[in-house]
Amino acid sequence: MSDLAKVYDPKGVESRWYDYWRGRGLFAGATGAPGRQLSIVIPPPNITGALHMGHALNGTLQDIVARRARMQGRPTMWLPGTDHAAIATQNVLERRLAEEGISRQEMGREAFEARFWEWKQEYEARILDQFAKLGCSLDWDRTRFTMDAGLSHAVRTVFVRLYEEGRIYRGTRIINWCPRCVSALSDIEVKHFDRDGELVTLRYPLSDGSGHITVATTRVETMLGDSGVAVSPDDDRYRHLIGSTVRLPLMDRDIPIVADESVDAEFGTGAVKVTPAHDPNDFDIGQRHGLEQINIFDERAQVNENGGRFAGLDRFEARKTVLEALRERGLVEAEERPYLHSVGHCDRCDSIIEPWLSEQWFVAMKELAAPAVEAVTSGRIRIIPAQPFEKQYLDWMTNIRDWCISRQLWLGHRIPVWYCASGHTFASMEEAPVACAECGGSDIEQDPDVLDTWFSSQLWPFSTLGWPEETDDLRYWYPTTVLVTAYEILYLWVARMIVAGLHFMGEVPFHEVLIHGIVRDFEGKKMSKSKGNTIDPMDLSDRYGTDALRFSLARSAIPGQDTNVAEEWIEGDRRFANKLWNASRFVLSNLGEQPPEGLPAEPALPEAWILSRLAQTVRAADAAMDSYEFAEAARSIYQFVWSEFCDWYLEMAKLGLRDESTAPAVRSVLHHVLDTTLRLLHPLMPFVTEEIWQRLPGRGDDESIMTASWPADERMHLDPDAEQRMVLLQELVVEIRRFRHEHSVAPRTKIDAVVVAPAAHAQTIQLHSQELRALAGLEELTLAEASPGTGWSRIVVGQAEVYLPLTAVADPAAERGRLTKSIFDLQAQADRANAKLDSPGFMDRAPSDVVDKVRGQLAEAQARIEKLRAQLEQLPDG
């Protein structure tokens, strides 16, 4: 029963137990089982590489929820899967091909797609294996991929239904365009960063030669596509010019001056150049005034034929060349650089995006978003934490714009729309229709674009369960219980899943959304491949053990806040696993083959105290996990195991085990506390808890700690009186230990102690003098009614006074010098605090909490000085 190795070795444990759990089907969710079910769908990671620390955090938190639910007897299903991530995967696959000297254009679309499926098989397997290494208890038989046949059928169904409802349309408007990916992006796939640029003020000559109007821009090259200048209708400076024209420099065409309410007369020059094909605000102005839409860039952001003599230049080359040409004509009035302004970047490749006029497919979102707003405001969906994420969600959803869903890629779900030679357009559920749905003509061609990746992943909570078919899984597991995800995809994914679930299922996709932050590096910086500061969770798992990594992630996981996991934390939690391991070795070595018969009816103080503290810990951890406060749950368990169980109770239990009259009661309590603690800790640290629990006698019919019951409410063991009495003993031990440390008393040197205390305290001390002597290193412990006189150091512990012999001090002269220096330093602190409190300026300006803090520092210093002076006076001469 006690054959645990002296040191816990995760490498010899983790894979063995994971295979054991998986081989016995302990992760599988039983559809139709009675009870309050728990269902979770994993945020599917992209098949572009390996898991990062964010995935490790996300997986750990979901696994805690799933393992605990199973132990609570709840039917539990945690569905795994991966996402095709079209833009990202196509980028990395093209880079791989470039290394081989091949381009996708040379391969052709069909061969490129075949290569993608090979990639998918390789990288999906690696990602799922990494989840297993993290101990994630995923329902592997339900693994899904966003381009599986079933999920692809769901995507086609959704597109066709929305198309037939008139909610999907094709239109020409400004979209975000990535010249590197050669594809459209939605607004929320664009990251904005402040960048140094330049602000150039230009003169546009009036066509009649009577003067000029001044405009400013950070993108000089776009003036080649200007089709107007806009001013505020209330701006007296320009009112007389409204309706007239300017001669566009370099392009030599006349463009009108229009009045538009969107122009702020107080900003800049009060006049703005209007480029409808390259700015969303300008597009709107152009629509209102019928201005020409002149697109000056091709798909690679090179100037096209509409740019005149600048055609063929890259956009950044064009910026320099156009500016130089304007300077030569004397039309540059001012140049401000560096000029800090926000610049949009592609979320996938970090290239600067171009607002670009393009024909794309869109989903009309306004009506679809309304029920998703109500679902949150009514409480049908709870976002955790509500602040600030509920407000952010509602703000975005109430101001939502139509969603650009087409992407100019080869990877992804092909848009199920066909065009016929007669000019008809139709959507079809058939993968390869042979004739036009309107005229029956056979000359048809499919739209070449694919759908935005998020179009398919918005269906994840129900497409993975078999929709649009009415499957048993769909009926039983939908809606899911909780979604655990990062705040970065609140709009990209969470909002869209809510919209899709309500529209197609008539029900919310989940009842709760737990938002966690991102994982930063050991210095608190955001991780980035470009910075070279990414941290591989697999490496940390190999070095410190998976349990240590998981526990560190859990105890830093405050909902909504970024996680800053330091390596020393993980090393500390590795030591915590060893602490638990060593404590378990001691307990198991003192238990027989059979479990103790039961807890004592009237336990002694040490046993009553540890049972009460265990009960408090179970209640605290249980409540914390109910509210997804994993950090608080981990903190309370850590405190109990390390300090109360290991540092205090085990030391007292050693004494009880030596006495045959008390040993049975001590063994039963040791067994109960270890068993309960292992079950409480299992969701956070699954491997070490299973390895220990399997050696614990009295496991019953449970084949694994995974199937053992979650710790029941232990309130029957709550004993406030035992806790209060134990606090007295602990404080006595701590103060005596402090005396020994401060006076350099050797650890093995036994000293005497005299205690003067009220009757109630004296009784507790008398009953537990054996424990006190052992824990505090005492030779004799005497209860007295008064001080023993000179030669003793007095320590006050609540209402008790402890007298310790000054003869134990090894070098009185050295001790006198140490105490004198400490008093001097403390007096200096007290003088500084007094000076602040005597200063009218400080008292008038400082916040009340700061003043209170200084007063507290003064009182603490004065009390310490008084104590040290008393010790100094009591020292013997020497």
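These remarks concern the structure in this document.

1. Overview of helix H14 (residues 490–505)
Point 1. For H14, a buried count of 13 out of 16 residues is recorded, marking the element as mostly surrounded by other parts of the structure.
Point 2. A positive phi of about 70 degrees marks Gly506, the residue just after H14.

2. Points about the sheet that holds strand S26 (residues 751–756)
Point 1. In spatial order, the strands read S27-S26-S29-S28; together these four strands make up an open sheet with mixed pairing. Both edges of this open sheet fall to strand S27 (778–784) and strand S28 (792–797), since each of them pairs with a single strand only. Each strand of the sheet is rotated relative to its neighbour by a mean of 25 degrees, with strand direction disregarded.
Point 2. Two elements, S26 and S27, share five bridges in a ladder whose sense is parallel. Pairing of Ala753 across the sheet is with Leu781, part of S27.
Point 3. Of the strands in this sheet, S26, S27, S28 and strand S29 (800–805) are in contact with helix H22 (residues 720–742), which crosses S28 at around 145 degrees.

3. Side note on the side chain of Glu124
Point 1. As for its placement among the helices and strands, Glu124 is situated in helix H5 (residues 109–133).
Point 2. Leaving out residues up to four positions away in the same chain, Glu124 has contacts with Ile47, Thr82, Arg144 and Phe145.

4. Re the state of the cysteines
Point 1. In this structure the tally under the stated criterion is zero disulfides.
Point 2. The thiol of Cys436 is not disulfide-bonded; the next cysteine sulfur, from Cys420, is found 3.7 Å away.
Point 3. Judged by relative accessible area, Cys436 falls into the buried class, the value being 5%.

5. Overview of the packing of H22 against helix H24 (residues 769–776)
Point 1. At a minimum axis separation of 9 Å, H22 and H24 run at an interaxial angle of 30 degrees. By the criterion of interaxial angle, the relationship of H22 to H24 is roughly parallel. Read as a crossing pair, H22 and H24 show a hand that is right-handed. Two secondary-structure elements touch here, H22 through Leu729, Leu732, Val733, Ile736, Arg737 and Arg740 and H24 through Leu772, Leu775 and Ala776.

6. Digging into the sheet that holds strand S22 (residues 480–486)
Point 1. On the basis of which strands lie adjacent, the open sheet formed by three strands has the order S15-S23-S22 and parallel pairing. Of all the strands in the sheet, the pair left with one neighbour each is strand S15 (382–384) and S22. Sheet twist, expressed as the average angle between the axes of neighbouring strands with direction ignored, equals 20 degrees.
Point 2. Relative to strand S23 (residues 510–516), S22 runs parallel, the two sharing six bridges. Residue pairing in the sheet places Val482 in a bridge with Glu512 of S23.
Point 3. Across the sheet, H14 is in contact with S22 and S23; its angle to S22 comes to roughly 165 degrees.

7. Side note on unusual backbone geometry
Point 1. Across the junction of Gln387 and Pro388, the peptide omega takes the value 5 degrees, indicating a cis bond.
Point 2. Its location among the elements puts Pro388 in helix H10 (residues 386–398).
Point 3. Here the residue pair Trp467 and Pro468 is connected by a cis peptide bond, since its omega of 15 degrees sits within 30 degrees of zero.
Point 4. On the secondary structure map, Pro468 appears in the loop between helix H12 (460–463) and helix H13 (472–477).
Point 5. Positive phi is not limited to glycine here, since Ala85 has a value of about 45 degrees.
Point 6. Mapping Ala85 onto the fold places it in the loop between strand S3 (81–82) and helix H3 (86–99).

Rules used in this analysis
- Residues numbered from 1 in each chain as written.
- Predicted model: local features only at pLDDT ≥ 70, side-chain atom pairs only at ≥ 80, totals over all residues.
- Heavy atoms only, no water.
- Buried < 20%, exposed > 50% of the residue type's maximum accessible area, 1.4 Å probe, protein only.
- Helix = DSSP H or I, 4+ residues; strand = E, 2+ residues; numbered from the N terminus.
- Pairing = 2+ DSSP bridges.
- Axes fitted to C-alpha atoms, helices over the stretch in contact; angles between N-to-C directions.
- Contact = heavy atoms within 4.5 Å.
- Disulfide = S-S within 2.5 Å.
- Parallel < 35°, antiparallel > 145°, perpendicular 65-115°, else oblique.
- Left-handed = near helix turned anticlockwise from the far one by under 90°.

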